[in-house]
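Now for the letters of each chain:
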Amino acid sequence: MITPPRAHGPTTAPQAPQSEPVLNAALRYATAGIPVMPLHTPQRARGCSCRRAHACPSPGKHPRLRFGLREASTDPALVRQWWTRWPDANVGLATGTLLDVCDIDTTDGLRTVTTILDNARLTGPVVRTGSGWHLWFAATGHANRVGVVPGVDWRGRGGLIVAPPSLHPTDRRYTFTQQFGRVLPDCPPALRRLLSPPPVPVLATASPAAAISTRLEDPDRYGLAALNGEIGRILAAPRPLIRGGQRITAGGRNTALHLAAFRLGQLAAHDGLEAQVVWPRLAEAAHTVGLSAAEARATIASGWRAGLHRPRAIAWRRRRAGSSPIARRP
């Protein structure tokens, strides 16, 4: 079972010696079928081993490889080559093919997951990070999700985690408190249900009146689904391409964030979405894809204001013979 944070996270099992070379750990993951990649390393004096150094928003948590996740591999020869070149590199694992991870960032998040799982004993790997916990499960087919519940993210398709014995910016090592074996457990049903947001009404699959009625009856549900969809678009946005220190393409992260804030701002006035709910989740997604906090705040605020000036709404028109819903345009 998962124990309270005072007990240092989930129930402990005999730990592998933390003197294990990083290369050996990377090879273990690769031979188990989990795609591996070398990450940058936190530096006490410089913040991160990347060019941004102290300005890096995610020290030790992003790939050293030019194409990042797309270059992750299970080829032992390639893994050896990488760690020969960067012997102190942190170990990154691509999620979504064999492995999914429940990423718990806060003690409140840990309590929530404990409650969801009804204090059930976990049978799979558990990692103590520098400031939270990772619960490892067999891949579910779900994509990344930010804010599954407060303080808890999901790393699935298109995701990346830092694996033991990597170094955290707090100068602690990522460590297994329940060991990694060859077989990963399935995600518990109670936790998996959180990964499937309620469906968004689609006019093509039902009558317009029925779809609009569903939206009117439960605006919060519709808004949550819209928010989750926009976060998915941000996480899937292409990153900038950099060659020889020069930016070749701008990527699409900032554009995706602006469009998400704009679309959600359009819904905010009428569909139960509030800035204090939407903005923190958009900011978390922006941080995940590498945007700075200042850049994210400015982009979200700009998109949100523009959306509020061009609202989308659904309203009711009463008729003598009854009532029917109609779309109201600005």
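A few points on the structure. What you see is a predicted model, and the numbers here were worked out from it, not measured in a lab. (Residues numbered from 1 in each chain as written. Predicted model: local features only at pLDDT ≥ 70, side-chain atom pairs only at ≥ 80, totals over all residues. Heavy atoms only, no water.)

With that out of the way, let us pick up the overall build of the protein. Scanning the protein from N- to C-terminus turns up 9 helices and 15 strands. Within the protein, buried positions represent 48% of all 330 residues. Of the contacts formed within the protein by residues at least 6 apart in sequence, a portion of 72% connects residues at least 24 apart. When the accessible surface of the protein is summed, it comes to about 16700 Å², and 54% of that surface belongs to carbon and sulfur atoms. (Helix = DSSP H or I, 4+ residues; strand = E, 2+ residues; numbered from the N terminus. Buried < 20%, exposed > 50% of the residue type's maximum accessible area, 1.4 Å probe, protein only. Contact = heavy atoms within 4.5 Å. Areas by Shrake-Rupley, 256 points an atom, 1.4 Å probe, with all protein chains shown as cover.)

Following the criterion strictly, the structure yields 7 salt bridges and no others. For Arg-64, the salt bridge is made with Asp-88, and the minimal N-O distance between the two is 3.7 Å. Taken as a pair, Arg-64 in the loop between strand E3 (47–48) and helix H2 (76–85) and Asp-88 in the loop between H2 and strand E4 (90–95) lie far apart in primary sequence, 24 residues in all. Put simply, Glu-230 and Arg-233 hold a salt bridge, and the shortest N to O gap is 3.1 Å. Here Glu-230 pairs with Arg-233, and both are found in helix H6 (residues 219–236), just 3 residues apart, close to one helical turn. (Salt bridge = Lys/Arg side-chain N within 4 Å of Asp/Glu carboxyl O.)

Time to look at the sheet that holds E4. Working definition: the strands of a sheet are paired by backbone hydrogen bonds and lie parallel or antiparallel to each other. On the basis of which strands lie adjacent, the open sheet formed by 3 strands has the order E1-E4-E10 and antiparallel pairing. Whereas interior strands pair on both sides, the edge strands pair on one side only; in this sheet they are strand E1 (36–39) and strand E10 (159–163). Taken over all neighbouring pairs, the strand axes of this sheet differ in orientation by 40° on average, direction set aside. Pairing of E1 with E4, which is carried by 4 bridges, proceeds in the antiparallel orientation. Looking across to E4, one finds that Val-36 is bridged to Leu-93. Helix-sheet contacts for helix H1 (residues 22–31) involve E1, E4 and E10, and the interaxial angle to E4 is about 15°. Each of E1 and E4 touches H2; the most contacted strand, E1, lies at about 5° to it. (Pairing = 2+ DSSP bridges. Axes fitted to C-alpha atoms, helices over the stretch in contact; angles between N-to-C directions.)

We now examine the nonpolar core. Inside soluble globular proteins, nonpolar side chains tend to come together where they are buried. Tyr-29, Val-36, Trp-83, Val-91, Leu-93 and Trp-136 are the most contacted members of the largest nonpolar core, which totals 33 residues. Elements supplying a minimum of two residues to this core: H1, E1, H2, E4, strand E5 (99–104), strand E7 (133–138) and E10. The greatest single-element share of this core, amounting to 6 residues, is contributed by H1. If you look at the next biggest cluster of nonpolar residues, it comprises 23 residues, including Ala-268, Ala-285, Ala-286 and Ala-296. (Core = buried A, V, L, I, M, F, W, Y, C linked by side-chain atoms within 4.5 Å.)

Once that is clear, we can look at the packing of aromatic side chains. Per the stated rule, a full pass over the model turns up 7 aromatic pairs. Seen in terms of ring centroids, Trp-279 and Trp-304 are 6.2 Å apart; in terms of plane orientation they differ by 80°. Their pairing is edge-to-face. Of this pair, Trp-279 sits in helix H8 (residues 275–288) while Trp-304 is found in helix H9 (residues 293–308), placing the two residues 25 residues apart along the sequence. Classification of Trp-304 by relative accessible area gives buried; the value is 7%. An aromatic cluster of at least three residues, connected via ring pairs, comprises Tyr-29, Trp-136, Phe-176 and Phe-180. A cation sits over an aromatic face here: Arg-28 above Tyr-29, 5.6 Å from the ring centre. (Phe/Tyr/Trp six-rings, centres within 6.5 Å; stacked < 30°, edge-to-face > 60°. Lys NZ or Arg CZ within 6 Å of the ring centre and 35° of its normal.)

The next point concerns unusual backbone geometry. Going from Pro-164 to Pro-165, the amide bond is cis rather than trans, its omega being 0°. Mapped onto the secondary structure, Pro-165 falls in the loop between E10 and strand E11 (175–178). Of note in this structure, Ala-53 is not a glycine but carries a positive phi near 50°. The topology assignment puts Ala-53 in the loop between E3 and H2.

What follows concerns H9. With 16 residues, H9 extends 22 Å between its outermost C-alpha atoms, agreeing within 8% with the 22 Å of an ideal straight helix rising 1.5 Å per residue. If you check which residues of H9 are buried, you get Ala-296, Thr-299, Ile-300, Ala-301, Gly-303, Trp-304 and Gly-307. Of the surrounding elements, those touching the buried residues of H9 are helix H7 (253–268) and H8. (Expected span 1.5 Å × (residues − 1).)

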